[in-house]
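Take a look at the letters that make up each chain.
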Amino acid sequence: ELKVEQNPLFLSMQEGKNYTIYCNYSTTSDRLYWYRQDPGKSLESLFVLLSNGAVKQEGRLMASLDTKARLSTLHITAAVHDLSATYFCAVDRKYFGNEKLTFGTGTRLTIIP
Amino acid sequence: DAGVTQSPTHLIKTRGQQVTLRCSPKSGHDTVSWYQQALGQGPQFIFQYYEEEERQRGNFPDRFSGHQFPNYSSELNVNALLLGDSALYLCASSLTGKDTEAFFGQGTRLTVV
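None of these values were measured; they are calculated from a predicted model.

What counts as what
Residues numbered from 1 in each chain as written. Chains lettered and ligands numbered in written order. Predicted model: local features only at pLDDT ≥ 70, side-chain atom pairs only at ≥ 80, totals over all residues. Heavy atoms only, no water. Contact = heavy atoms within 4.5 Å. Buried area = accessible area lost by both parts, 1.4 Å probe. Salt bridge = Lys/Arg side-chain N within 4 Å of Asp/Glu carboxyl O. Polar contact = N/O pair within 3.5 Å; in protein donor to acceptor, adjacent residues only side chain to side chain. Helix = DSSP H or I, 4+ residues; strand = E, 2+ residues; numbered from the N terminus. Nonpolar A, V, L, I, M, F, W, Y, C, P; charged D, E, K, R; others polar. Pairing = 2+ DSSP bridges. Axes fitted to C-alpha atoms, helices over the stretch in contact; angles between N-to-C directions. 1 Å grid on protein atoms, 1.4 Å probe; cavity = no way out; pocket = protein on both sides within 12 Å on 5 of 7 lines; lining within 4 Å. Points joined across faces, edges and corners; volume = space filled by probe spheres on them. Phe/Tyr/Trp six-rings, centres within 6.5 Å; stacked < 30°, edge-to-face > 60°. Buried < 20%, exposed > 50% of the residue type's maximum accessible area, 1.4 Å probe, protein only.

*Asks:* Explain the interface of chain A and chain B here, please?
*Replies:* Many descriptions give the size of an interface as the accessible area lost when the pieces come together. Contacts between the two partners involve 22 residues from chain A and, on the opposite side, 26 residues from chain B. Contact between chain A and chain B buries roughly 1,800 Å² in total, counting both sides, with carbon and sulfur atoms accounting for 47%. Inspection of the chain A/chain B interface yields zero salt bridges. Along the contact surface separating chain A from chain B lie five residue pairs in polar contact (both at pLDDT 80 or more). Elements supplying a minimum of two residues to the side of chain A that touches chain B: β4 (31-37), β5 (43-49) and β10 (101-103) of chain A. When residues in the side of chain A that touches chain B are grouped by element, the largest group, four residues, is from β4 of chain A. Class assignment for the residues of the side of chain A that touches chain B results in nine nonpolar, eight polar and five charged.

Written out as structure tokens, the structure is:
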């Protein structure tokens, strides 16, 4: 059974600081997603990582994937209040060509002014 | 392109009742997956429909059932509602056999009282 673990579960950080969220998964996967979720809202896709060594950046967020270590990271640079949200990683394993996502527990990020 | 649309956005039901949630996939997509997200947790895979058949199923009881129509839209039915069924229900669409990512709808917030 595929398991996805994130840490930390909760993260409170000051504006301007850097931090990293970690996502470990237990078996090989076809791709890895990072999502953002604001309270009461749906999932917003941030990054899709397809291959080992993949790195993607958007603004203050950068995601990377190490398939050998089964580890993905989401790095936050110089955090701002608008980044406060819950972040999920999700691992995709295709069955018969169809996607099935297994999500991590989420990291609730609070940026303190 | 309207993306993935779900209806209704919110509803309140009483224990023991039945509920039907609806999802229209993104244009060009043929596969619909349903996820349940309880408060404070990551989404959990319920099941997936392709070619009007249930292709995969997660660890959910038979009270949860679904249907896919020829136009690829889908319904999620939950019978004999329990308080624990209160959650955000997310629909995701994708295209089978193609290297495309899943797209999520805005979700339906179900409250069972």
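*Asks:* Could you clarify how one ought to interpret the sheet that holds strand β1 (residues 4-7) of chain A in this entry?
*Replies:* Paired through their backbone hydrogen bonds, the strands of a sheet run either parallel or antiparallel. Residue and element names in this part refer to chain A. Across the sheet, five strands lie side by side as β1-β3-β8-β7-β6; this open sheet has antiparallel pairing. The open sheet has two edge strands with one neighbour each: β1 and β6 (55-58). The average angle at which neighbouring strand axes cross in this sheet is 15°, direction not considered. The pairing of β1 with strand β3 (residues 19-25) spans four bridges and is classified as antiparallel. Among the inter-strand pairings, Q6 is bridged to a residue of β3, identified as C23.

*Asks:* Can you walk me through empty space enclosed by the protein in this structure?
*Replies:* A probe as big as a water molecule, rolled over the atoms, marks out the empty space that is left. By the definition in use, this model includes one cavity of 30 Å³ or more. Lining the largest cavity are E99 and L101 of chain A together with S33, Y35, Q48, A92, S93, S94 and A102 of chain B. Of all elements in the fold, only β4 (31-37) and β9 (87-94) of chain B reach the threshold of two or more residues within the lining of the largest cavity. Broken down by element, the residue count for the lining of the largest cavity peaks at three residues, all from β9 of chain B. Across the lining of the largest cavity, the residue classes tally to four nonpolar, four polar and one charged.

*Asks:* Mind showing me how you'd approach the packing of aromatic side chains here?
*Replies:* What describes a pair of aromatic rings is the distance from one ring centre to the other and the angle between the planes of the rings. Evaluated as defined, the whole model comprises 10 aromatic pairs over all chains. Each ring, one from Y35 of chain A and one from F103 of chain A, has its centre 5.7 Å from the other, and the planes form 35°; the classification is tilted. Here the residue Y35 of chain A occupies a position in strand β4, and F103 of chain A occupies one in strand β10, the gap between them amounting to 68 residues. Of the two residues, Y35 of chain A and F103 of chain A, both sit in the buried class. Between the aromatic rings of F60 of chain B and F64 of chain B, the centroid separation amounts to 5.2 Å while the plane-to-plane angle is 70°, which identifies the pairing as edge-to-face. In this pair, the class of F60 of chain B matches that of F64 of chain B, namely buried. Put simply, the rings of Y33, Y35, F88 and F103 of chain A together with Y35, F45 and F104 of chain B touch in pairs and so form one group of aromatic residues.

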